[in-house]
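One-letter residues, chain by chain:
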Amino acid sequence: MKTTSFNIDDLIRPTIKTLKPYSSARDEFQGNSNAMVFLDANENPFNNGVNRYPDPQQGSLKAILSEIKNIDAKNILLGNGSDEVLDLIFRAFCEPNKDNIIILPPTYGMYSVLANINAISIKEVQLSNNFQPQVETILNIADNNSKILFLCSPNNPTGNSFSSQSIEELLNKFKGIVVIDEAYIDFSEEISWVDRLEAFPNLIVTQTLSKAYGMAGIRLGICYASTNIISVLNRIKPPYNVNELTQQRAVQQLNKKDLATNQINDILKERAFLISKLESVSFITKIYPSDANFVLVKVDDATKRYDQLIDKGIVIRNRTTQPGCENCLRLTVGTKEENEILIKELLSISKS
Ligand SMILES: *Cc1c(COP(=O)(O)O)cnc(C)c1O
């Protein structure tokens, strides 16, 4: 339980606090299922499946997510990918040219890109040698303008989860918002922090349909937080930010019971297979433990090995320029066939 007194109002940008949100036609008319004639939004009346504006609050989709994640729909906000959700969080809490955020490299690149777009400065505290947050250093570097701390767990590109003890201490002691990016949580044994929202009023958890749920193409990012935080984000989101096709497709896929679970299990089996085979590749010097659908490996010469794989038609991610990731390559777990091709080519390169 968060001990320090925490007031969300102290963190919201003044301009957002007093903002009068755009009120769409669909916002103003809700409910009443007797309504048959919609002449309020200047839509084309001829039905083609997408002639109407989408539900601005994505009610059906939130209802399913609420059930799957066992959390009230009022604690959910949806966006056009996690990237939109993260951008909304910046715009709600960070005053341009004044506030700062804290990130823990090596980590997901979008936090600093979004900070730069929003003219927010960045404080970096590199992860420790075993890629864990350095809690003391983070708390010491934070100042009164440090509005958001980003914790990516499981972390991209390292693949490990952060210790729950460290996360809890940061949630308790950091005075701003803590965003836990759980894009890879479904591949991990750790429990989601979504279950602990009530204990931490400064906690925002983000997830996505892009990874475990197999829907990167429809762009659906999920944000879980207190109703206070969700209502702030709702005021600034574009009214129809999640399009109709995305909402329909997400509902349709999520209704396929066990599909995601089965695919996740397959990917986890493949991850174990991949790791076991990587051990016999002579130029791989280290295989990092993974709680995600990718594996980080250290090699003798990352750029050389990356180029050799490209020549074989295999595209992986070269992470060698990331702090703490010298000569590291990130390998996404593919299908059985894809992983076998990867291993075959790695072995053939290592013998050439
Ligand atoms: C892939 C990924 C996301 C997902 O972003 P979307 O915009 O939802 O596709 C978010 N965070 C991290 C750390 C990721 O690796």
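Residues numbered from 1 in each chain as written. Predicted model: local features only at pLDDT ≥ 70, side-chain atom pairs only at ≥ 80, totals over all residues. Heavy atoms only, no water.

As annotated in an unreviewed UniProt entry, the chain is Histidinol-phosphate aminotransferase from Flavivirga aquimarina. Under the Cofactor (unreviewed entry) heading, UniProt states for the chain: "pyridoxal 5'-phosphate". Word for word, the UniProt comment on the chain under Sequence similarities (unreviewed entry) is "Belongs to the class-II pyridoxal-phosphate-dependent aminotransferase family. Histidinol-phosphate aminotransferase subfamily." (UniProt positions renumbered as here; feature names shortened; annotations may be inferred.)

**Student:** Quick rundown of the nonpolar core? Include the residues and the values.
**Tutor:** One broad trend across soluble globular proteins is that nonpolar side chains are buried collectively. Judged by nonpolar contacts, the single largest core of 52 residues is most densely connected at Leu104, Leu149, Leu151 and Leu209. Counting contributing residues, this core receives three or more from each of domain 1 (8-255) and domain 2 (258-351). With sequence-adjacent residues up to four places away left out, Leu209 is seen in contact with Gly214, Met215, Ala216, Ile218, Leu220, Ile222, Ala250 and Leu254. Core analysis: the second largest hydrophobic core is formed by 32 residues, Ile12, Ala92, Cys94 and Ile120 among them. (Core = buried A, V, L, I, M, F, W, Y, C linked by side-chain atoms within 4.5 Å. Buried < 20%, exposed > 50% of the residue type's maximum accessible area, 1.4 Å probe, protein only. Domains from an automatic or database assignment. Contact = heavy atoms within 4.5 Å.)

**Student:** Pulling in residues and values, what's your account of the pairing of strand 1 (residues 76-79)?
**Tutor:** Every other side chain in a regular strand lies on the same face of the sheet, so the side chains alternate between the two faces. Alternating positions in strand 1 separate into two faces, Ile76 and Leu78 on one and Leu77 and Gly79 on the other, with burial throughout. Sheet topology places strand 1 next to strand 7 (residues 221-225); four bridges connect them, and they run antiparallel. Looking at the pairing, Ile76 lines up with Tyr224 of strand 7. (Helix = DSSP H or I, 4+ residues; strand = E, 2+ residues; numbered from the N terminus. Pairing = 2+ DSSP bridges.)

**Student:** Would you mind going over the site of the ligand in detail, with residue names and values included?
**Tutor:** Surveying the vicinity of the ligand reveals 13 residues, the closest of which are Tyr184, Thr208, Ser210, Lys211 and Arg219. Contact between the ligand and Asn156: an oxygen atom at 2.8 Å from a side-chain N or O atom of the residue. One of the side-chain N or O atoms of Thr208 is found 2.6 Å from an oxygen atom in the ligand. Protein chains bury 93% of the 390 Å² of accessible surface belonging to the ligand in isolation. Counting residues per element, the shell around the ligand draws most heavily on helix 4 (residues 81-93), which supplies three residues. In the shell around the ligand, the residues fall into four nonpolar, five polar and four charged. (Near = heavy atom within 4 Å. Polar contact = N/O pair within 3.5 Å; in protein donor to acceptor, adjacent residues only side chain to side chain. Areas by Shrake-Rupley, 256 points an atom, 1.4 Å probe, with all protein chains shown as cover. Nonpolar A, V, L, I, M, F, W, Y, C, P; charged D, E, K, R; others polar.)

**Student:** I'd love a proper account of the UniProt feature "modified residue: N6-(pyridoxal phosphate)lysine" (unreviewed entry) in the chain, names of residues and values included.
**Tutor:** As recorded in UniProt, the sites labelled "modified residue: N6-(pyridoxal phosphate)lysine" (unreviewed entry) are Lys211. Among the secondary structure elements, Lys211 is positioned in the loop between strand 6 (203-208) and strand 7. Excluding its chain neighbours within four sequence positions, the residues that come into contact with Lys211 are Ala183, Tyr184 and Phe187. A distance of 3.1 Å separates polar atoms of two side chains, one belonging to Lys211 and the other to Tyr184.

**Student:** Any chance you could break down the domain arrangement of the chain for me, citing the residues and the numbers?
**Tutor:** Domain parsing of the chain yields domain 1 (8-255) and domain 2 (258-351). The gap between the C-alpha centroids of domain 1 and domain 2 is 29 Å. Carbon and sulfur atoms supply 62% of the area that domain 1 and domain 2 bury against each other, a total of about 1,600 Å² over both sides. Interface area lost by domain 1 to domain 2 is led by Phe131, Pro157 and Phe187, which between them contribute 37%. Across the domain 1-domain 2 interface, the total number found is zero salt bridges. Between the two partners, domain 1 and domain 2, sit four residue pairs in polar contact (both at pLDDT 80 or more). When its residues are assigned to classes, the side of domain 1 that touches domain 2 shows nine nonpolar, ten polar and two charged. (Buried area = accessible area lost by both parts, 1.4 Å probe. Salt bridge = Lys/Arg side-chain N within 4 Å of Asp/Glu carboxyl O.)

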